[in-house]
Structure formats: C-alpha cells, structure tokens
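The chain contents come next:
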Amino acid sequence: MQKNTDPKLSELILFFGEHGKTIKSGFLKSQDKAGTRNIYGEEQMALDKWADDVLINGLRKTRLVRYIATEEQPGIIEIDNPKNQFGVVIDPLDGSSLIDVNLAVGTIIGIYPGNVLNKGENMIAALYILYGPLTTLTLSTGNGVCDFVMDEKGEFNLTAQDIKIPDAKIYAPGALRRDYLPAHAKFIADLENDGYKLRFSGSFVADMHQILHKGGVFTYPGFKGKEKGKLRLLFEANPIGKIISDAGGAISNGKTNILAIQPRAIDDITPIYAGGKKEIRLIEKYMS
Ligand code: F6P
Ligand code: MN
C-alpha cells in the first residue's frame, strides 16, 4: 500500500504469502522422496509436488492469474475465465534436496503482466519465501526490495525496506572444479586470491538471500559437458535476478544481463552469476 502497488497485484502477492504459510506447514508432514523425477531429471520430493499442487490449486480457485508455469510442470497452464491477465513463474520448492537435513529451502515467484515466455526485465514483481528458522518473504515490485518476517499468527510483518546489496567477500560456487571452463576458473581463482569465503548450501534461494544481505557472488556456471549450466532461466534466474538487480546488484550468464534474454522454452537453462556489480563486471571481462 505504501508503494502504491496496483491492488490486483497486491492481492496476488498476498495470495503467495498466505500459501507460503500453507507450504511451511507441510514440512512436518513429510521429508520423503516422491519416487518420481521432474522434466530436468531431478528426483522429486513429496513436498515439491505438494507445494506445486497447493499453489496451482489455489490459483485455479481464485483465478487471480491467467498463465502459470512451474518447475514441476511440463507446460504452461492457462486458467479458464481469469480475473486478471497476470502470468506467474514458480519454483515451488527450491533447494528441496535439503529438506531431509533441515536446511533452508524456499518458494520463488516471478509475476508478469501476461505471457510468461518473456524477458525477466518485463516482470512487474518478484518474490521468494524462505523457510528457515524464520519464514521470511522478500519482495520487489521495482520500488525497493523489502523483507517481511512471518509471526506466530502467520502474518508477514515488514522488517526491512529498500535493501541494497553490500560489498563483501563471499562466494557461492556451484559445479565441480574439475569441470570449470577457463574464464570461470580464472574468475574463481581471482576471488580466492582476494580472500573470498566459501558459502554454498545447495539451496539457490537461501544462498542468494545471504548474498543479498551480506554481499558477494553466487555462481552456477556453464561447465564441461553442460555449457548451459544447471539452473532454470524462468523459475530461478529471472525472479532472483530481478530482486538482486533492484537491490543494486546484477545477474549475468557471464556474457550478458540475464534479464534481457528472450526465453525460447519454459525449461531453458542458463549459467548464472548473481551478486555485486563488481563481481559481475569481472566475469563478463574474462568471458568477453
Ligand atoms: O534447484 C536446483 C538447485 O537445488 C539449487 O537450489 C542449487 O543451487 C543447486 O540446484 C545445487 O546443485 P548441486 O547439487 O549440483 O550443487
Ligand atoms: Mn530450484
């Protein structure tokens, strides 16, 4: 309300807050594997599917959006007779391989005015809900990045606004060192020589929350045999990319701003470098 957000968009953001609370309540029910794999070949947890169902069913019922694409679904879902034209991209439970060891995982969401096969820079809002010791919601509608913390009543209270990424020596490097490509190897060697400390949990959303607040850089690069990397352009890179960029940082595939890339398919993957502008400039220099 303070930022004069379109009331229809506010209603949708509140929907995700409300359903984040439901997802959070699921962790006590199961920490098991589902026995299936998603379209990327990753083992699904029962909670991956459950969180996906919670959000899709809720969006079908409320008809708050027209298009839904999620990391767990093979195609774009179109809602009959929608109230709004919004399109949403969802990673229902990022970092879910950490559920059984009780580390932080999260729900990542990007909101478009319509079509979801769209450049990240056209997103009108992005948010993630992080289920850690606290449940937090981090949001950007392009008017400053805000953090909210869920209280005992399940309501999200504003705790920080206009968050800006600080300058710090933290790095979160994905992939195997033996598979590094030359420019990436040089980049990592520079960070290490410069005293960057290692912080990689295996949960992109949790690692990026740390980078947002403490500074540094996350990377899941392209590597030997998988030059396009591992993480998803629509569901992971773009929403987190909007938040980190709105906080004064940047996101790149090593060559160009990820938010400016036109996706070709909903399951596109991309190398990722996300964090402080200084670090992003360095990898882009090495890759050019
Ligand atoms: O969603 C994919 C994901 O779980 C990210 O959250 C995380 O950063 C990455 O994969 C970890 O990959 P790996 O297990 O290869 O280190
Ligand atoms: Mn994920």
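Throughout this description, residue numbers start from 1 for each chain and increase along the sequence as written. Going through the entries in the order they are written, you letter the chains from A and number the ligands from 1. With pLDDT at 70 or above as the cut-off, local features in this predicted model cover only qualifying residues; side-chain atom pairs require 80 or more to be listed or tallied, and sums for whole chains, interfaces and linings still use all residues. Excluding hydrogens and water, the side-chain values take into account all heavy atoms of the structure.

**Points about the pairing of strand S11 (residues 170-173)**
Point 1. Burial classes: relative accessible area under 20% of the type maximum marks a residue as buried, over 50% as exposed, and values in between as partly exposed (1.4 Å probe, protein chains only). Helix and strand labels come from DSSP, where a helix needs a run of H or I of at least four residues and a strand needs a run of E of at least two; each type is numbered from the N terminus. Residues Ile170 and Ala172 of S11 are buried on one face, and the alternating residues Tyr171 and Pro173, pointing to the opposite face, are buried as well.
Point 2. A pair of strands is treated as paired once DSSP finds two or more bridges between them. Bridge count between S11 and strand S12 (residues 197-198): two bridges; the pairing is parallel. Following the sheet pairing, Ile170 is matched in S12 by Lys197.
Point 3. Regarding topology, helix H3 (residues 182-193) serves as the crossover connection from S11 to the parallel S12, and that connection is right-handed. By convention, a crossover is right-handed whenever its connection, traced from the first strand over the helix to the second and viewed with the strands pointing away, goes clockwise.

**Overview of the site of ligand 1**
Point 1. Residue proximity to a molecule or strand is established when one non-hydrogen atom of the residue lies within 4 Å of it. For ligand 1, the full set of nearby residues is Asp94, Gly95, Phe200, Gly202, Ser203, Phe204, Phe218, Tyr220, Lys230, Leu231, Arg232 and Glu236.
Point 2. Think of a polar contact as two N or O atoms within 3.5 Å of one another; within protein, one of them needs to be a possible hydrogen donor and the other a possible acceptor, and neighboring residues in sequence only count if both atoms come from side chains. One of the side-chain nitrogen or oxygen atoms of Asp94 is found 2.9 Å away from an oxygen atom of ligand 1.
Point 3. Within the contact set of ligand 1, an oxygen atom lies 3.1 Å away from a side-chain nitrogen or oxygen of Arg232.
Point 4. Burial of ligand 1 by the protein chains amounts to 77% of its free accessible area of 400 Å².
Point 5. When residue character is reported, Ala, Val, Leu, Ile, Met, Phe, Trp, Tyr, Cys and Pro are called nonpolar, Asp, Glu, Lys and Arg charged, and the others, Gly included, polar. Classifying every residue of the shell around ligand 1 by side-chain character gives five nonpolar, three polar and four charged. Computed by Shrake-Rupley with a 1.4 Å probe, the accessible areas treat only the displayed protein chains as cover when residues are assessed.

**Some remarks on the packing of helix H4 (residues 204-214) against helix H5 (residues 233-246)**
Point 1. Every angle, taken between N-to-C directions, lies between 0 and 180 degrees, and every axis is a line fitted to C-alpha atoms, over only the stretch in contact when it is a helix. In contact at an axis separation of 11 Å, H4 and H5 are set at 15° when each is read in the N-to-C sense. On the basis of the axis angle, H4 is roughly parallel to H5. For the element pair H4 and H5, the recorded crossing hand is right-handed. Contact residues: Phe204, Val205, Met208 and Leu212 in H4; Glu236, Ala237, Ile240, Ile243 and Ile244 in H5.
Point 2. Here the contact of H4 with H5 is composed, by residue class, of eight nonpolar, no polar and one charged. Roughly parallel here means an angle under 35 degrees, roughly antiparallel means over 145, roughly perpendicular means 65 to 115, and every remaining angle is called oblique. Handedness of a crossing is defined here by the sense of rotation of the near helix relative to the far one, left-handed for an anticlockwise turn of less than a right angle and right-handed for a clockwise turn. Any pair of residues with heavy atoms lying within 4.5 Å of one another is described as a contacting pair.

**Observations concerning the nonpolar core**
Point 1. For our purposes a nonpolar core is just a set of buried Ala, Val, Leu, Ile, Met, Phe, Trp, Tyr and Cys residues, chained together by side-chain atoms within 4.5 Å. Judged by nonpolar contacts, the single largest core of 39 residues is most densely connected at Tyr128, Phe204, Met208, Leu212, Phe218, Ile251 and Ile272.
Point 2. Secondary-structure elements contributing two or more residues to this core are strand S3 (67-70), strand S6 (105-112), strand S7 (125-131), S11, H4, strand S13 (217-220), H5 and strand S15 (272-275).
Point 3. Looking at which element gives the most residues to this core, the answer is H5, with seven residues.
Point 4. Where each domain starts and ends comes from a domain assignment, either automatic or drawn from a database. For this core, the domains that each give at least three residues are domain 1 (7-160) and domain 2 (170-287).
Point 5. Leaving out residues up to four positions away in the same chain, Leu212 has contacts with Tyr128, Thr138, Val145, Ile163, Lys164, Ile165, Pro166, Ile243, Ile244 and Ala247.
Point 6. Within the second largest apolar cluster, 36 residues are counted, among which are Phe15, Val88, Tyr131 and Cys146.

**Some points on the domain arrangement of the chain**
Point 1. Each assigned domain of the chain is listed with its residue range as follows: domain 1 (7-160) and domain 2 (170-287).
Point 2. Taking the mean C-alpha position of each, domain 1 and domain 2 sit 22 Å from one another.
Point 3. With 43 residues of domain 1 at the contact, the number on the domain 2 side is 30 residues.
Point 4. Accessible surface is computed with a 1.4 Å probe, and the buried area is the amount of it that two parts give up when combined, taken over both parts together. Between domain 1 and domain 2, the buried area comes to about 2,800 Å², and carbon and sulfur atoms account for 66% of it.
Point 5. It is Tyr40, Leu117 and Tyr128 that lose the most area in domain 1 upon contact with domain 2, and together they represent 20% of the buried surface on that side.
Point 6. Take a side-chain nitrogen of Lys or Arg and a carboxyl oxygen of Asp or Glu: if they are within 4 Å of each other, that pair is a salt bridge. Its salt-bridge partner being Arg232, residue Glu71 comes within 3.3 Å of it at the nearest N-O pair.
Point 7. Between the two partners, domain 1 and domain 2, sit 11 residue pairs in polar contact (both at pLDDT 80 or more).
Point 8. Among the elements of the structure, S3, strand S5 (87-94), S6, S7, strand S8 (135-140) and strand S9 (145-150) are those that each provide at least two residues to the side of domain 1 that touches domain 2.
Point 9. No other element matches the six residues that S6 contributes to the side of domain 1 that touches domain 2.
Point 10. The residue makeup of the side of domain 1 that touches domain 2, split by class, is 23 nonpolar, 13 polar and seven charged.

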